[in-house]
Amino acid sequence: VTTPIRTSDRSYFKRCRQLWDFTSVLRQNLEPFQRAEALDFGTAIHAALECYYDPEAWPDVDAREKAAIMGFLGAIQKVEKLVVEGPLDFEIDFNEQRMLGLGMLDNYFKWAPAHDNFKPVYVEVEFEVPLYAGSVYQGRIDLIVEDDYGYWIVDHKTTAVFGATEWLVLDDQCASYAWALRRQLGLEVRGVIYNELRKKLAHPPTVLKNGTLSVSKSQETTYELYMATIIELGLNPADYDDVLEYYASDAAQQYFRRTKVIFNKHTLENVEKRILLEAQEMMDNPAIYPTPSRFNCTGCRFFAPCVALQEGADYETILSENYQRRTD
Ligand code: SF4
């Protein structure tokens, strides 16, 4: 019997043992009936990007764009259907999500070609690497691309705001993927490219009454949209040099961001050690205790049973009425 240890197991194990105990396949293996993660907007964007970076379709940009839109709409529709048929009872404005997602993708299609200086090699790669006493490390990688320097893992993220990036050199999730790829496919991965998409719509610049474009630098627009509008209206780009330069710079609001982190040999060796140590600890019947904090507990999907458990109340009824054992 193999015991799968997934990336989420590792992060929950280190974040809060109580949460890990609720969710891990090694323990209670529970998930809420209302699969909130199925409603994740990010999942639909991932579905779109999976089509957009399909290696087989790479030369045909129009086909990739169309496939990405279909992938996104299909993912949203799947959740919409669940809501109609299943026990999901919270309200989601699907049309709003559709408009936002389609708008984001449209802008991404204008931005990405100038930034995709690689070619996709594999998309949605599942891996399974043997670890310790029958355990395997399992995960899924969004995208693997190749450029002049070698292979890179691409990790797509949707985010409300772009946060600090310094900590990413210590993020061992993607480093663990690189380690797993080396073990499973013999691929020497150079590093990771974090591909972030902001959950916000950029718009074309304002057209003034005299037919020219506003040169305000506080518009929610991008270089690509600005340039496209200049061309569409038959205006002269030279008249907008200053504002174009601004929207092309980091000083302007960004809607997409790429951050590259390079792994060296030591990083991957250390990640391997940590994965093995954690697997060993997880399988050795570890002590279970909560680690409450504002960061950990805000939005924790096991908040109610956790509170009941700590208060000595009937947490088992809460679990049996609102949670189910995972089937996948
Ligand atoms: S509510 Fe907080 S302490 Fe309880 S399981 Fe969730 S993260 Fe852990």
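Source: prediction; values computed, not measured.

Side note on the overall build of the chain
Link 1 in the chain: When you go through the chain residue by residue, the secondary structure sums to twelve helices and eight strands.
Link 2 in the chain: Its C-alpha atoms put the chain at 70 × 45 × 35 Å along the principal axes.
Link 3 in the chain: For the chain, the residues scored as buried account for 41% of the 328 residues in total.
Link 4 in the chain: Taking the contacts inside the chain whose residues are at least 6 apart along the sequence as the reference set, 72% of them involve residues at least 24 apart.
Link 5 in the chain: Looking at the chain as shown, the accessible area adds up to about 17800 Å², and 53% of this sits on carbon and sulfur atoms.
Link 6 in the chain: Positive and negative side-chain charges of the chain, numbering 34 and 50 respectively, have mean locations separated by a distance of 3 Å.

What to know about the nonpolar core
Link 1 in the chain: In this structure, Tyr137, Ile141, Ile153, Trp179, Leu181, Phe263 and Phe302 are the most contacted members of the largest nonpolar core, which totals 40 residues.
Link 2 in the chain: Here the element with the most residues in this core is helix α6 (residues 172-185); it accounts for seven residues.
Link 3 in the chain: In this view, Tyr137 contacts Ile5, Arg6, Thr7, Arg10, Phe127, Glu128, Val129, Leu131, Ser176, Tyr177, Trp179 and Ile275; residues no more than four positions away in its chain are not counted.
Link 4 in the chain: Of all hydrophobic cores here, the second largest spans 31 residues; its members include Trp58, Val79, Phe118 and Tyr255.

Points about the site of the ligand
Link 1 in the chain: Around the ligand lies a shell formed by Cys16, Gln18, Leu19, Pro290, Thr291, Pro292, Asn296, Cys297, Cys300, Phe303 and Cys306.
Link 2 in the chain: Contributing elements (two or more residues each) for the shell around the ligand: α2 (17-23), α10 (294-297) and α11 (303-310).
Link 3 in the chain: A breakdown of the residues in the shell around the ligand according to their chemical character gives eight nonpolar, three polar and no charged.

Overview of the pattern of salt bridges
Link 1 in the chain: What the rule picks out here adds up to 21 salt bridges.
Link 2 in the chain: Among the salt bridges present, the one from Glu281 reaches Arg17, with a minimum N-O distance of 3.4 Å. Of the two residues, Glu281 is situated in helix α9 (residues 265-282) and Arg17 in helix α2; the sequence distance between them amounts to 264 residues.
Link 3 in the chain: You can call Arg17 buried: its relative accessible area is 12%.
Link 4 in the chain: The partner of Lys110 in a salt bridge is Asp106, with the nearest N and O atoms 3.2 Å apart. You can see Lys110 and its partner Asp106 sitting in helix α5 (residues 94-115), four residues apart, about one turn around the helix.
Link 5 in the chain: A relative accessible area of 39% places Asp106 in the partly exposed class.

Some remarks on α6
Link 1 in the chain: Along its 14 residues, α6 runs 19 Å from first to last C-alpha, staying within 8% of the 20 Å computed at 1.5 Å per residue.
Link 2 in the chain: Restricting attention to buried positions, one finds in α6 the residues Asp172, Cys174, Ala175, Ser176, Tyr177, Ala178, Trp179, Ala180 and Leu181.
Link 3 in the chain: Packing partners of the buried residues in α6 comprise α1 (7-15), β3 (119-130), β4 (135-147), β5 (150-159), β6 (189-198) and α9.
Link 4 in the chain: In this structure Asp171 caps α6, since a side-chain oxygen of it lies 3.2 Å from the backbone nitrogen of Gln173.
Link 5 in the chain: Positioned one or two residues after α6, Gly186 has a phi angle of 70 degrees, which is positive.

Structural notes on α1
Link 1 in the chain: Considered for burial, the residues of α1 that qualify are Thr7, Asp9, Arg10, Tyr12 and Phe13.
Link 2 in the chain: For α1, the secondary structure elements touched by its buried residues are β1 (3-6), α2, β4, α6 and α9.

Let's talk about the environment of Gly312
Link 1 in the chain: Examined against the element boundaries, Gly312 turns out to sit in the loop between α11 and α12 (315-322).
Link 2 in the chain: Among the residues examined, Gly312 registers a relative accessible area of 66% and is labelled exposed.
Link 3 in the chain: Spatially, the C-alpha atom of Gly312 lies 36 Å from that of Gly139, the residues being 173 residues apart in sequence.

Structural notes on the packing of aromatic side chains
Link 1 in the chain: Taken as a whole and judged by the stated rule, the model has 18 aromatic pairs.
Link 2 in the chain: Plain terms: the ring middles of Tyr137 and Trp179 are 6.3 Å apart, the flat faces sit at 45 degrees to each other, and that makes the pair tilted. Linking Tyr137 in strand β4 with Trp179 in helix α6, this pair joins segments that are 42 residues apart in sequence.
Link 3 in the chain: A relative accessible area of 4% places Trp179 in the buried class.
Link 4 in the chain: Considering the side-chain rings of Tyr246 and Tyr247, the 5.1 Å spacing of their centres and the 75 degrees angle between planes classify their relative orientation as edge-to-face.
Link 5 in the chain: Relative accessible area serves as the criterion here: at 6%, Tyr247 is assigned to the buried category.
Link 6 in the chain: Through a chain of ring-to-ring contacts, three or more aromatic side chains come together here, namely Tyr52, Tyr53, Trp58, Tyr108, Phe109, Trp111, Phe118 and Phe256.
Link 7 in the chain: It is Arg198 that lies over the ring of Tyr255; its NZ or CZ is 5.1 Å from the centre.

How each quantity is defined
- Residues numbered from 1 in each chain as written.
- Predicted model: local features only at pLDDT ≥ 70, side-chain atom pairs only at ≥ 80, totals over all residues.
- Heavy atoms only, no water.
- Helix = DSSP H or I, 4+ residues; strand = E, 2+ residues; numbered from the N terminus.
- Buried < 20%, exposed > 50% of the residue type's maximum accessible area, 1.4 Å probe, protein only.
- Contact = heavy atoms within 4.5 Å.
- Areas by Shrake-Rupley, 256 points an atom, 1.4 Å probe, with all protein chains shown as cover.
- Lys, Arg positive; Asp, Glu negative; His and termini not counted.
- Charge placed at Lys NZ, Arg CZ, Asp CG, Glu CD.
- Core = buried A, V, L, I, M, F, W, Y, C linked by side-chain atoms within 4.5 Å.
- Near = heavy atom within 4 Å.
- Nonpolar A, V, L, I, M, F, W, Y, C, P; charged D, E, K, R; others polar.
- Salt bridge = Lys/Arg side-chain N within 4 Å of Asp/Glu carboxyl O.
- Expected span 1.5 Å × (residues − 1).
- Polar contact = N/O pair within 3.5 Å; in protein donor to acceptor, adjacent residues only side chain to side chain.
- Phe/Tyr/Trp six-rings, centres within 6.5 Å; stacked < 30°, edge-to-face > 60°.
- Lys NZ or Arg CZ within 6 Å of the ring centre and 35° of its normal.

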